[in-house]
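# Overview (structure and organization)
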Number of protein chains: 2
Amino acid sequence: MYPSGFPGQEVGSKGSFVSITPVGEVLEGRSRPTFFRGVATVCMKLFSAVQPERVYFGQKDVQQTVVIKKMVKDFLLPVEVVIGKTERADDGLALSSRNVYLGERRRGVATVLFRALSEAERAYKSAGARTRKEILGAAERVVKEVEQEQGGLEPGRRVRFEVDYISLADPETMEELEVVDAKRGGILSGAVKMLPVEEPREGEDLGHSGGPAVRLIDNIILEPEEA
Amino acid sequence: MYPSGFPGQEVGSKGSFVSITPVGEVLEGRSRPTFFRGVATVCMKLFSAVQPERVYFGQKDVQQTVVIKKMVKDFLLPVEVVIGKTERADDGLALSSRNVYLGERRRGVATVLFRALSEAERAYKSAGARTRKEILGAAERVVKEVEQEQGGLEPGRRVRFEVDYISLADPETMEELEVVDAKRGGILSGAVKMLPVEEPREGEDLGHSGGPAVRLIDNIILEPEEA
């Protein structure tokens, strides 16, 4: 990337960088403080080298799409950003190369995040909810339900997971919202860590590499209302 | 500049920025830690909006030229950077809008920086000096001489000035050099603050606005040797 060598991944490392804040600092950027700086920097260079008319990004990495759209807008880059929708399995699980690490048992429960986000979306779209409490409350009920369900099973059957975050954020800054302005809409997103199974059963398919912890992300856009 | 409002000039302020370090942090950037971040950011946006074939910058703001050339190189910007040489008065003083604040007395001594840099250049070019000590020593002798000269005059005649820095730096990173690699060359630069006169004489031209302190900068490129 750099003629003068690799710049390092620390916040204070020297180099030529594009930073887009605050959007790059929250959610997925919180635990990886230079991740979106890296994304913006390499994309700026790539766009400059290739001079494309259109660039394509996947909806699944929603924060990345917001960072790129903000960079294109703020620097007036002459490029159109096209977002491809998230591909899903029949039960709704977002396709991801990581899914192969889940194994059958965890694969069955891995839809918890999408189901939680979908309930929150339903609260917004069908039930007219606008507050964070109402919208994320619907998601939390799904999570609690699945946790209780799994908690009632024995260790050889149950699946444990940890919710990293479920967020309701502004579509341009990704700052958390207390109330959704229906003219702007919002972004529902979340991350869930599927923990390794406790007691593998005889011959159980644990997924690739023995079924390590798998962190899954997903999101649903709350589209603004038509004017 | 920003659709979402003015981002502020603090290091931690939120916004979309291009930072070019370490070159933006040293010398002129030391006392103004977000100055070159601002320069790089607005130039990136301007280049993107205008899509120019060539951009022109003045040699006098040498650190700015190094920041821009580094940005163009690191981000592969499709633009040619042209540096216009510093225009000078007959006695060598670099032309600057600030010179009108000097008044006649200080104007006569204001060449001290250029003379110091020129002596350092002569040590490099004609006397074959390569070490920081030899090269900057030549500049310091000029400064000392002028200081002694002025110190011998009475307050109604003398001029006081303070050397902010005289630097011998790498042409691409602007990091201070101990030894000049003649294949790379270097940048001699400096900043001098001309202090207000102590005792104005009857009817003396003190310069615009009563002759405030005036900070002057200048530089000379030590060109690499021909191969």
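Nothing here was measured: the structure is a model prediction, and the numbers come from that model. (Residues numbered from 1 in each chain as written. Chains lettered and ligands numbered in written order. Predicted model: local features only at pLDDT ≥ 70, side-chain atom pairs only at ≥ 80, totals over all residues. Heavy atoms only, no water.)

Next up on the list: the packing of aromatic side chains. According to the stated counting rule, one finds two aromatic pairs over all chains in the structure shown. Ring geometry for Phe35 of chain B and Phe36 of chain B: centres 4.9 Å apart, planes at 75°, overall edge-to-face. By relative accessible area, which is 31% here, Phe35 of chain B ends up partly exposed. Stacked on the ring of Phe17 of chain A, the Lys or Arg Arg37 of chain A has its end atom at 3.7 Å from the ring centre. Seen from the ring of Phe35 of chain B, Arg32 of chain B lies directly overhead, with NZ or CZ sitting 4.0 Å from the centre. (Phe/Tyr/Trp six-rings, centres within 6.5 Å; stacked < 30°, edge-to-face > 60°. Buried < 20%, exposed > 50% of the residue type's maximum accessible area, 1.4 Å probe, protein only. Lys NZ or Arg CZ within 6 Å of the ring centre and 35° of its normal.)

The next subject is the interface of chain B and chain A. Listed as interface residues are 28 residues of chain B and, on the opposing side, 28 residues of chain A. Counting the surface lost from both chain B and chain A, the interface buries some 2,300 Å², and carbon and sulfur atoms represent 52% of this. Counting the surface chain B buries against chain A, the share from its top three residues, Ser16, Asp74 and Phe75 of chain B, is 24%. At the junction of chain B with chain A, the criterion picks out two salt bridges. Between Lys14 of chain B and Glu25 of chain A there is a salt bridge, with the nearest N and O atoms lying 2.8 Å from each other. At the boundary of chain B with chain A, the tally comes to 16 residue pairs in polar contact (both at pLDDT 80 or more). (Contact = heavy atoms within 4.5 Å. Buried area = accessible area lost by both parts, 1.4 Å probe. Salt bridge = Lys/Arg side-chain N within 4 Å of Asp/Glu carboxyl O. Polar contact = N/O pair within 3.5 Å; in protein donor to acceptor, adjacent residues only side chain to side chain.)

Turning our eyes to something else, we now look at the domain arrangement of chain A. Note: interface size is frequently given as the accessible area lost on complex formation between the parts. All names here are of chain A. Here chain A is described as being made up of domain 1 (1–85) and domain 2 (97–222). The distance between the C-alpha centroids of domain 1 and domain 2 comes to 26 Å. In this assembly, 13 residues from domain 1 lie in contact with 15 residues from domain 2. A buried area of about 1,200 Å², summed over both sides, lies between domain 1 and domain 2, and 58% of it is on carbon and sulfur atoms. The largest per-residue losses of area from domain 1 upon contact with domain 2 belong to Leu27, Glu28 and Lys60, which jointly make up 43% of the total buried on that side. With a closest N to O distance of 2.9 Å, Arg215 and Glu28 form a salt bridge. Our enumeration of links across domain 1 and domain 2 arrives at five residue pairs in polar contact (both at pLDDT 80 or more). Among the residues making up the side of domain 1 that touches domain 2, the classes are represented as six nonpolar, two polar and five charged. (Domains from an automatic or database assignment. Nonpolar A, V, L, I, M, F, W, Y, C, P; charged D, E, K, R; others polar.)

Residue and element names in this part refer to chain A. Extensive coverage of strand β5 (residues 186–194) is indicated by the burial of eight of its nine residues. Across eight bridges, the pairing between strand β4 (residues 161–169) and β5 is antiparallel. By the bridge assignment, Ala169 is partnered in β5 with Ile187. The pairing of β5 with strand β6 (residues 214–222) spans nine bridges and is classified as antiparallel. When the sheet's bridge partners are listed, Ser189 is paired in β6 with Asn219. (Helix = DSSP H or I, 4+ residues; strand = E, 2+ residues; numbered from the N terminus. Pairing = 2+ DSSP bridges.)

Let us now look at the sheet that holds strand β6 (residues 214–222) of chain B. Residue and element names in this part refer to chain B. Pairing within the open sheet is antiparallel, and its three strands lie in the order β4-β5-β6. A strand with exactly one partner marks an edge of an open sheet, and here the two such strands are β4 (161–169) and β6. Ignoring which end each strand starts from, the neighbouring axes of this sheet average 10° apart. (Axes fitted to C-alpha atoms, helices over the stretch in contact; angles between N-to-C directions.)

In this section: helix α2 (residues 62–74) of chain B. Residue and element names in this part refer to chain B. Compared with an ideal rise of 1.5 Å per residue, which puts 13 residues at 18 Å, α2 spans 18 Å between its outermost C-alpha atoms and is within 8% of the ideal. With 11 of its 13 residues buried, α2 lies for the most part within the structure. Of the residues making up α2, those classed as buried are Val62, Gln63, Gln64, Thr65, Val66, Val67, Ile68, Lys70, Met71, Val72 and Asp74. Directly after α2, the chain includes Leu76, whose backbone phi takes a positive value near 55°. (Expected span 1.5 Å × (residues − 1).)

Here we come to the sheet that holds β4 of chain A. Residue and element names in this part refer to chain A. Judged by pairing direction, the sheet is antiparallel, and its three strands sit side by side in the order β4-β5-β6 without closing on themselves. A single partner strand is all that each edge strand has here, and the edge strands are β4 and β6. Adjacent strand axes in the sheet meet at a mean angle of 10° when their direction is disregarded.

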